[in-house]
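The primary structure of each chain is shown beneath.
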Amino acid sequence: MNKIETFGIIAAQAARGELSFPTSVNAVLRLQQALNDPDCHLEEAIRLVLAEPQLAARTVALANTSAFNAGGAPITNVRAALTRVGYRNLQMLVASLVVRQFGSRIKDPGLRAKCTQLWEHTAQVAALAQVFARRVTFVNPDTAMFAGIVHEVGGFYLLSRADEFPGLLEQDPERWAELCEDVLTREVARRLALPEPVAEVMFQLRDAWLHMPPASLLDTLLLANLYATVPSPLGRPPAPLPEHGDSALDYLVDEATLHAIIEEAAEISRAMGQALLA
């Protein structure tokens, strides 16, 4: 079977809703569906989090980061942690866990390395999106960060399936992988029940242009991708950035402010590394 046929099979399966998720992802999806229920009360959320040890540990870890517990007494239980971080950040943790679990069954060392790089890229984009949202585009920062976490979910799924087909992602000048990934992104987003505004931005992202002044969720993700220092291992390599003075962004933020944005995003990635983004 050649590459085109293989990509076609994977894309066709996804289009039919035949997505092959790791068992761990299916378990977390059930948790996500419960948390999306507006009638899900705190006691039920606590029970659901405790049923997933990895999520419980991350929830407590997130509550103890400087973002949520600057200098306070350490939080040592899920109830206090969930009260501190809130449902929105818990949903980000769940999305983070889902995305990471796609790489859990990959055995090929080369593909595992790609998966690690893709997550590092995702983490940077998520943190940058949050800061650009607060300081430049003025969209909801939580939504921007959530979109950053899930924006490469189609790529993660493709990597998880590529382990079944050695050499599938090597030397792809005709970009069949990108076409397949587009189909996968749409179907995985549907299966994950992602909010429509976030899903639509994910579908538009690959060939979109940055508007000036940037003011939308799409612009926010484009900026975040532009300034992420770890590129995605899938698709086309990013174009080199122009000098700040030669960039249209120079009309919105000066070089010192841009540097501060990048540093703040790096601090968010470090502070939340073991909790939300790792």
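Not measured: the values here are computed from a predicted model. (Residues numbered from 1 in each chain as written. Predicted model: local features only at pLDDT ≥ 70, side-chain atom pairs only at ≥ 80, totals over all residues. Heavy atoms only, no water.)

Enquirer: An account of the packing of helix α3 (residues 42-50) against helix α5 (residues 78-101) is requested, with residue identities and associated values reported.
Expert: Working note: a packed helix pair is described by the angle between its axes plus the distance between those axes. The interhelical angle for the contact between α3 and α5, taken along N-to-C directions, is 95°, at an axis separation of 11 Å. Of the possible angle classes, the one that applies to α3 and α5 is roughly perpendicular. Judged by residue contacts, L42, E43, A45, I46, V49 and L50 of α3 engage V78, R79, L82, T83, Y87 and L90 from α5. Here the residues of the contact of α3 with α5 are counted per class, giving 9 nonpolar, 1 polar and 2 charged. (Axes fitted to C-alpha atoms, helices over the stretch in contact; angles between N-to-C directions. Helix = DSSP H or I, 4+ residues; strand = E, 2+ residues; numbered from the N terminus. Parallel < 35°, antiparallel > 145°, perpendicular 65-115°, else oblique. Contact = heavy atoms within 4.5 Å. Nonpolar A, V, L, I, M, F, W, Y, C, P; charged D, E, K, R; others polar.)

Enquirer: Provide a residue-level description of α3, including the pertinent values.
Expert: Listed in full, the buried residues belonging to α3 are A45, I46, L48 and V49. Across the axial projection of α3, the buried residues extend over an arc of 165°, all falling on one side. The elements touched by buried residues of α3 are α2 (23-35), α4 (53-63) and α5. (Buried < 20%, exposed > 50% of the residue type's maximum accessible area, 1.4 Å probe, protein only. Arc of directions from axis to C-beta.)

Enquirer: Explain the confidence of the model for the chain to me, and be specific about the residues and the numbers.
Expert: Fine structural detail should not be taken from predicted coordinates in areas where pLDDT scores are low. Of the residues in the chain, 92% reach a pLDDT of 70 or more, and the chain-wide mean stands at 86. Helix α11 (residues 217-227) holds the highest mean pLDDT among the elements of the chain, 94, whereas helix α13 (residues 273-277) holds the lowest, 58. (pLDDT = per-residue confidence, 0-100.)

Enquirer: I'd like a rundown of the nonpolar core, residues and numbers included.
Expert: Grouped together as the largest cluster of nonpolar side chains are 92 residues, with contacts concentrated most on F21 and L169. The element that contributes the greatest number of residues to this core is helix α6 (residues 109-137), accounting for 14 residues. (Core = buried A, V, L, I, M, F, W, Y, C linked by side-chain atoms within 4.5 Å.)

Enquirer: Go over the environment of P38, please, and point to the residues and values.
Expert: Here P38 lies in the loop between α2 and α3. Taking relative accessible area as the criterion, P38 reaches 77% and is therefore assigned exposed. Between the C-alpha atom of P38 and that of A57, which follows or precedes it by 19 residues, the distance is 24 Å.

Enquirer: Requested: an account of the pattern of salt bridges, with residues and values cited.
Expert: Considering all chains together, one arrives at 12 salt bridges under this definition. Among the salt bridges present, the one from R47 reaches E44, with a minimum N-O distance of 2.7 Å. Residue R47 and its partner E44 are both found in helix α3; the two are separated by 3 residues, about one turn of the helix. Judged by relative accessible area, which is 48%, R47 ranks as partly exposed. A salt bridge links R88 to D142, with the shortest nitrogen-to-oxygen separation between them at 3.6 Å. Of this pair, R88 sits in helix α5 while D142 is found in helix α7 (residues 141-150), placing the two residues 54 residues apart along the sequence. Residues joined in a network through salt bridges with shared partners are R175, E178, E181, D182 and R206. (Salt bridge = Lys/Arg side-chain N within 4 Å of Asp/Glu carboxyl O.)

Enquirer: If you had to explain the packing of aromatic side chains to someone new, which residues and values would you point to?
Expert: Within the structure shown, the criterion is met by 5 aromatic pairs. Ring centres 5.9 Å apart and planes at 70° place the aromatic pair F21 and Y157 in the edge-to-face group. In this pair, F21 sits in the loop between α1 (3-15) and α2 while Y157 sits in helix α8 (residues 153-162), placing the two residues 136 residues apart along the sequence. Judged on exposure class, the residue F21 and its partner Y157 are both buried. Ring centres 6.0 Å apart and planes at 90° place the aromatic pair F102 and Y157 in the edge-to-face group. Note that F102 is positioned in the loop between α5 and α6 and Y157 in helix α8, a separation of 55 residues in sequence. Note on F102: relative accessible area 0%, which makes it buried. (Phe/Tyr/Trp six-rings, centres within 6.5 Å; stacked < 30°, edge-to-face > 60°.)

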